[in-house]
Amino acid sequence: MTLLDRFLKLLEFLETAQGLFEFLTDPIGLSGVLAICLYFPIQSLGCDASAAAALACTVALTFFCLVEKPDF
């Protein structure tokens, strides 16, 4: 019985992880990951925390706008 219970918990975890991966593959998720991944290298180049956050968010917002470019 405990084996079935653990298997059910594993399936619930996989379902939750699938939802997370679906969010991360959306454009808003990709831009969020890009902002987080750029924050630390920009900060290590000598910028303070607020400037690094602003620059990383600017790049992520630009990326999001390029990906979600509307068709006129």
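Summary of the structure given here.

Here we look at the overall build of the chain
Along the chain, the regular secondary structure elements total three helices and zero strands. Its helices and strands taken in sequence order, the chain reads α-α-α from the N to the C terminus. Its C-alpha radius of gyration of 18 Å places the chain more than 25% over the 11 Å reference for a compact globule of 72 residues. C-alpha atoms of the chain, sized along the principal axes, occupy 55 × 40 × 15 Å. Burial analysis of the chain (72 residues in total) assigns 11% to the buried set. Accessible surface for the chain amounts to roughly 5900 Å². Of this, 73% is attributable to carbon and sulfur atoms.

Some remarks on the packing of aromatic side chains
Counted according to the given criterion, the structure contains one aromatic pair. Note on Y39 and F40: the rings are 5.0 Å apart at their centroids and 75° apart in plane angle, and the pair reads as edge-to-face.

Some words on the packing of helix α2 (residues 27-44) against helix α3 (residues 49-67)
Interhelical geometry of α2 versus α3 gives an angle of 150° and a closest axis separation of 8 Å. One element, α2, and the other, α3, form an angle in the roughly antiparallel class. Pair α2 / α3 crosses with right-handed handedness. Residues P27, I28, L30, S31, L34, A35, L38, Y39, I42 and Q43 of α2 form the contact with α3, whose own contacting residues are A49, A52, A53, L55, A56, V59, A60, F63, F64 and V67. Across the contact of α2 with α3, the residue classes break down as 18 nonpolar, two polar and no charged.

Definitions and cut-offs
- Residues numbered from 1 in each chain as written.
- Predicted model: local features only at pLDDT ≥ 70, side-chain atom pairs only at ≥ 80, totals over all residues.
- Heavy atoms only, no water.
- Helix = DSSP H or I, 4+ residues; strand = E, 2+ residues; numbered from the N terminus.
- Rg over C-alpha atoms; globule rule 2.2 N^0.38 Å.
- Buried < 20%, exposed > 50% of the residue type's maximum accessible area, 1.4 Å probe, protein only.
- Areas by Shrake-Rupley, 256 points an atom, 1.4 Å probe, with all protein chains shown as cover.
- Phe/Tyr/Trp six-rings, centres within 6.5 Å; stacked < 30°, edge-to-face > 60°.
- Axes fitted to C-alpha atoms, helices over the stretch in contact; angles between N-to-C directions.
- Parallel < 35°, antiparallel > 145°, perpendicular 65-115°, else oblique.
- Left-handed = near helix turned anticlockwise from the far one by under 90°.
- Contact = heavy atoms within 4.5 Å.
- Nonpolar A, V, L, I, M, F, W, Y, C, P; charged D, E, K, R; others polar.

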